[in-house]
2 protein chains.
Amino acid sequence: MSDEALLDGNPADTHEAIMMATFAALRTHGYPGISIQRIADESDLTKSTFYHHFDGKDDILLSFVEYMRDYFERGYQIESTGDPVGDLEAFVTVSLGEYPAAEGTPDADARLSTYLELRAQAIQNEAFRAEFTELSATLVDNLTEIIETGIEQGVFAVDDPRSTAAYLVATIEGINLQQTTRTDSPRSMLQAQLLTYIDTEVLVDDVSF
Amino acid sequence: MSDEALLDGNPADTHEAIMMATFAALRTHGYPGISIQRIADESDLTKSTFYHHFDGKDDILLSFVEYMRDYFERGYQIESTGDPVGDLEAFVTVSLGEYPAAEGTPDADARLSTYLELRAQAIQNEAFRAEFTELSATLVDNLTEIIETGIEQGVFAVDDPRSTAAYLVATIEGINLQQTTRTDSPRSMLQAQLLTYIDTEVLVDDVSF
């Protein structure tokens, strides 16, 4: 298995090894080019091991979406520091992929790219759509909690925390989509605009990032 | 050719007929399921006609991306009414797909869905990425012009029209991605948040939509 195959550290079991190989194959061939053979080529496992664990390619890919959902849900679950301003900043930084990757793991852009490629498949794939609906709800829940804490502490002024959280999540995904589908790397410029929005619409006057 | 094949009205020539068939095949099978046979099945043309016009599937799909780019560039080129507030509102409405489709054409959601599915392929496909980078630049240009007119007329207050335009385009794509990849139709809620942002960050105090 190549280093690029690792989503995060060493696989705990065969299921996770298959998930990491699927990630590597998606990075190499893209979603339309995926086959069981190509996933197997990214691992030390035989094709028959794959068929022992899964019904076929579609089954592996849905499992991978579930695996990614779990991975992102854990990653975006910002551990509260008791400081909602810092927590909100951490949420934005993590969700825009602006943080260093641990050694031996793929960079944040690789994860975001594969996530967005699969997310767009949800347009046609109902099972994927159900997973991503749940993922979005979890991210919005996490961010709503941060915003509500900020309101309680008097550092945020927001009328409708849940809608504001949903809007921030949508904007962040829009920025990530622009970043990964354009050649001119617009992320830092768009991120600066997002921080201005948060400064004006979320933080109270005497608080800033 | 089924009614769904039509991207807009009747095809002007064989090239456009192939583009419409490609759109219909993308709607039916999704990007990973596309083949020349399936595109041909959506048209009255033979497979050999396709090979006469194109080198193969990848060539057809790149042509379709160029066709879509042209279609969106024309569609989002808001004809200035001399009223930048109305023009900005029209830009938002059109780009969120919130307008009635002409009779016999697919609805705006079908076009947006296929657009986003292809846009996500740009993550892996460099030729697509070049096209979508140009499309984004054109949309940002159009919107920048509207914002600059609004500043001149004293109805908008914006420090950096181009960055604001780029941020609005990213946010709108994020809303469209959420709408097309979730089961809970979040568009109107997110659109309301976007209008609040525009009201506070773009329009001067005594102007509103």
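The structure we're discussing is the one just above.
Residues numbered from 1 in each chain as written. Chains lettered and ligands numbered in written order. Predicted model: local features only at pLDDT ≥ 70, side-chain atom pairs only at ≥ 80, totals over all residues. Heavy atoms only, no water.

Draft legend 1. Inspection of the relation of the copies chain A and chain B at higher detail. Of the two same-sequence chains, chain A is brought onto chain B (RMSD 0.0 Å, axial shift 0.0 Å) by a rotation of 180 degrees. Overall, the copies show the geometry of a two-fold rotation axis. When C-alpha distances to the rotation axis are compared across chain A, the minimum falls at Gly174 of chain A, with a value of 1.8 Å. (Least-squares fit on C-alpha atoms with pLDDT ≥ 70 in both.)

Draft legend 2. Summary view of the nonpolar core. Core analysis: the biggest nonpolar cluster contains 130 residues, and Leu194 of chain A together with Leu194 of chain B have the highest contact counts within it. Other than its neighbours up to four places away in sequence, Leu194 of chain B contacts Tyr167 of chain A together with Val92, Leu96, Leu168, Thr171, Ile172 and Ile175 of chain B. (Core = buried A, V, L, I, M, F, W, Y, C linked by side-chain atoms within 4.5 Å. Buried < 20%, exposed > 50% of the residue type's maximum accessible area, 1.4 Å probe, protein only. Contact = heavy atoms within 4.5 Å.)

Draft legend 3. Up close: unusual backbone geometry. Of note, the phi angle at Ser185 of chain A is positive, near 40 degrees, even though the residue is not glycine. Take Ser185 of chain A: it is sitting in the loop between helix 8 (161-181) and helix 9 (187-201). (Helix = DSSP H or I, 4+ residues; strand = E, 2+ residues; numbered from the N terminus.)

Draft legend 4. Representation of the pattern of salt bridges in the model. What the rule picks out here adds up to 16 salt bridges over all chains. Notably, a salt bridge pairs Glu73 of chain B with Arg69 of chain B, separated by 2.9 Å at the nearest N-O pair. A residue pair is termed a helical-turn pair when its members lie 3 or 4 positions apart in one helix, as Glu73 of chain B and Arg69 of chain B do in helix 4 (residues 57-75) at four residues. A residue is classified by how much of its surface remains accessible, and Glu73 of chain B, at 16% relative accessible area, is buried. Its salt-bridge partner being Glu173 of chain B, residue Arg119 of chain B comes within 3.8 Å of it at the nearest N-O pair. Note that Arg119 of chain B is positioned in helix 6 (residues 108-121) and Glu173 of chain B in helix 8 (residues 161-181), a separation of 54 residues in sequence. Taken as a pair, Arg119 of chain B and Glu173 of chain B share a single burial class, namely buried. One salt-bridge network, held together by shared partners, links Arg69, Glu73 and Glu131 of chain A. (Salt bridge = Lys/Arg side-chain N within 4 Å of Asp/Glu carboxyl O.)

Draft legend 5. Representation of the environment of Val155 of chain A in the model. Residues and elements named next belong to chain A. Along the chain, Val155 turns up in the loop between helix 7 (126-152) and helix 8. Note on Val155: relative accessible area 17%, which makes it buried. Contact partners of Val155, with chain neighbours within four places excluded, come to Pro84, Val85, Gly150, Val202, Leu203, Val204 and Val207.

Draft legend 6. Inspection of the interface of chain A and chain B at higher detail. Of the residues lining the interface, 43 residues belong to chain A; the matching set on chain B comes to 43 residues. Summed over both sides, the interface of chain A with chain B buries roughly 3900 Å², with 61% coming from carbon and sulfur. When the buried area of chain A at its contact with chain B is split by residue, Ile123, Gln124 and Tyr167 of chain A rank highest and sum to 17% of it. On the surface where chain A and chain B come into contact, there are zero salt bridges. Taken together, the connections running from chain A to chain B amount to 14 residue pairs in polar contact (both at pLDDT 80 or more). For the side of chain A that touches chain B, the secondary structure elements donating two or more residues are helix 1 (14-29), helix 6 (108-121), helix 7, helix 8 and helix 9 of chain A. Ranked by residues supplied to the side of chain A that touches chain B, first place goes to helix 8 of chain A with 14 residues. Partitioning the side of chain A that touches chain B into residue classes produces 18 nonpolar, 17 polar and eight charged. (Buried area = accessible area lost by both parts, 1.4 Å probe. Polar contact = N/O pair within 3.5 Å; in protein donor to acceptor, adjacent residues only side chain to side chain. Nonpolar A, V, L, I, M, F, W, Y, C, P; charged D, E, K, R; others polar.)

Draft legend 7. Spatial organisation of the packing of helix 8 of chain B against helix 9 (residues 187-201) of chain B. All names here are of chain B. At a closest axis distance of 10 Å, the pairing of helix 8 and helix 9 adopts a crossing angle of 165 degrees. The angle between helix 8 and helix 9 falls in the class roughly antiparallel. Here the hand of the crossing between helix 8 and helix 9 comes out right-handed. Contact residues: Thr164, Tyr167, Leu168, Thr171, Ile172, Ile175, Asn176, Gln178 and Gln179 in helix 8; Arg187, Leu190, Gln191, Leu194, Tyr197 and Ile198 in helix 9. (Axes fitted to C-alpha atoms, helices over the stretch in contact; angles between N-to-C directions. Parallel < 35°, antiparallel > 145°, perpendicular 65-115°, else oblique. Left-handed = near helix turned anticlockwise from the far one by under 90°.)

Draft legend 8. Examining the packing of aromatic side chains more closely. A full pass over the atoms with the stated rule returns 15 aromatic pairs over all chains. Seen in terms of ring centroids, Tyr197 of chain A and Tyr197 of chain B are 5.6 Å apart; in terms of plane orientation they differ by 55 degrees. Their pairing is tilted. Taken together, the residues span two chains, with Tyr197 of chain A in helix 9 and Tyr197 of chain B in helix 9. Taking relative accessible area as the criterion, Tyr197 of chain B reaches 4% and is therefore assigned buried. (Phe/Tyr/Trp six-rings, centres within 6.5 Å; stacked < 30°, edge-to-face > 60°.)

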